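# Coordinate inspection notes
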Amino acid sequence: MTETAPAQLVTDAAPRPTAQDRKTALAGLFDRSAPTYERVGVDHFAELGRRLVGHAAVLPGDRLLDVGCGTGAVLVPAAEATGSTGSAIGVDLSSGMVWRSREALREAGLTHAHAVVADAETIDWDAGEHAVPPPANGSLDAVFAGISLFFFPHPHQAVARYRELLSPGGRLAISWWGRPDPAGTRSSPPARRTDGEAPRTPCPRTAPSAPSTRCTPC
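### Let's talk about the overall build of the chain
- Counting secondary structure elements, the chain contains five helices and six strands.
- Counting the 218 residues in the chain, one finds 44% classified as buried.
- Accessible surface for the chain amounts to roughly 12500 Å². Of this, 55% is attributable to carbon and sulfur atoms.

### Looking at the packing of helix α3 (residues 75–82) against helix α4 (residues 95–108)
- Between α3 and α4, whose axes approach to 10 Å, the crossing angle comes to 35°. Where α3 crosses over α4, the handedness of that crossing is right-handed. In this structure, α3 uses Leu75, Val76 and Glu80 to contact α4, whose residues at the interface are Ser101, Ala104, Leu105 and Ala108.
- Per-class residue counts for the contact of α3 with α4 are five nonpolar, one polar and one charged.

### Some points on the packing of aromatic side chains
- On inspection of all chains with the given rule, the structure shows two aromatic pairs.
- Ring geometry for phenylalanine 150 versus phenylalanine 151: centroids 4.7 Å apart, planes at 45°, classification tilted.
- The exposure class assigned to phenylalanine 150 is partly exposed, which follows from its relative accessible area of 30%.
- Here phenylalanine 151 falls in the partly exposed class, since its relative accessible area comes to 25%.
- Between the aromatic rings of phenylalanine 150 and tryptophan 176, the centroid separation amounts to 5.4 Å while the plane-to-plane angle is 70°, which identifies the pairing as edge-to-face. Of this pair, phenylalanine 150 sits in the loop between β4 (140–146) and α5 (155–165) while tryptophan 176 sits in strand β5 (residues 166–176), placing them 26 residues apart in sequence.
- Aromatic ring contacts, followed pair by pair, group Phe150, Phe151 and Trp176 into a single cluster.

Cut-offs and rules
Residues numbered from 1 in each chain as written. Predicted model: local features only at pLDDT ≥ 70, side-chain atom pairs only at ≥ 80, totals over all residues. Heavy atoms only, no water. Helix = DSSP H or I, 4+ residues; strand = E, 2+ residues; numbered from the N terminus. Buried < 20%, exposed > 50% of the residue type's maximum accessible area, 1.4 Å probe, protein only. Areas by Shrake-Rupley, 256 points an atom, 1.4 Å probe, with all protein chains shown as cover. Axes fitted to C-alpha atoms, helices over the stretch in contact; angles between N-to-C directions. Left-handed = near helix turned anticlockwise from the far one by under 90°. Contact = heavy atoms within 4.5 Å. Nonpolar A, V, L, I, M, F, W, Y, C, P; charged D, E, K, R; others polar. Phe/Tyr/Trp six-rings, centres within 6.5 Å; stacked < 30°, edge-to-face > 60°.

Next comes the structure, spelled out in structure tokens:
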């Protein structure tokens with residue numbers, strides 16, 4: 001009598017990507033698209049950035065942080081609003097996007113603002129490697145996350161970190177693709193059509209839309 005060994009289950013399933021794997025892949029994606037990002041196909045991010053800064057009611061002298069700063073769509077108007085007596089720091093994992101932000105800051109003459117390559121969830125970097133140190137807990141008047149928070153693997157942890165960084169009465173200003181937030185006190189109005197057709201759901205990478213916006217005092 002011949003005995004046979006029980007069959008073993010063989011699987012070719014790849015290991016699940018870690019949060020760091022996702023961050024590395026995302027940084028690479030935006031590095032590759034940085035040279036043409038917002039220069040081809042879309043032109044609405046600058047307007048959305050200005051509107052978010054307006055919602056946050058930035059004052060001269062405010063100390064600001066922009067997470068996932070990209071090409072500077074929020075960082076530049078935020079730095080303009082706080083003026084030379086304030087400060088603004090943009091953070092992004094993509095070195096290509098940070099280069100674009102720095103280019104925009106130089107063109108606008110905003111020497112009190114900086115962009116650094118760092119993790120926008122943890123807001124921690126080696127001060128010796130950048131022109132500015134990371135902000136201290138309780139030191140910021142406003143934190144911005146413009147069309148960026150949904151990219152983060154741990155958005156709830158990121159928001160908790162931003163609250164640590166904000167001073168009493170500081171503001172967390174967020175914009176997000178979707179319908180206006182009915183719970184927000186300053187939600188952007190919904191997009192409207194004038195041709196009689198019902199509005200279509202826009203693709204965030206190809207068409208402008210009114211994002212949900214929320215500015216929350218902490």
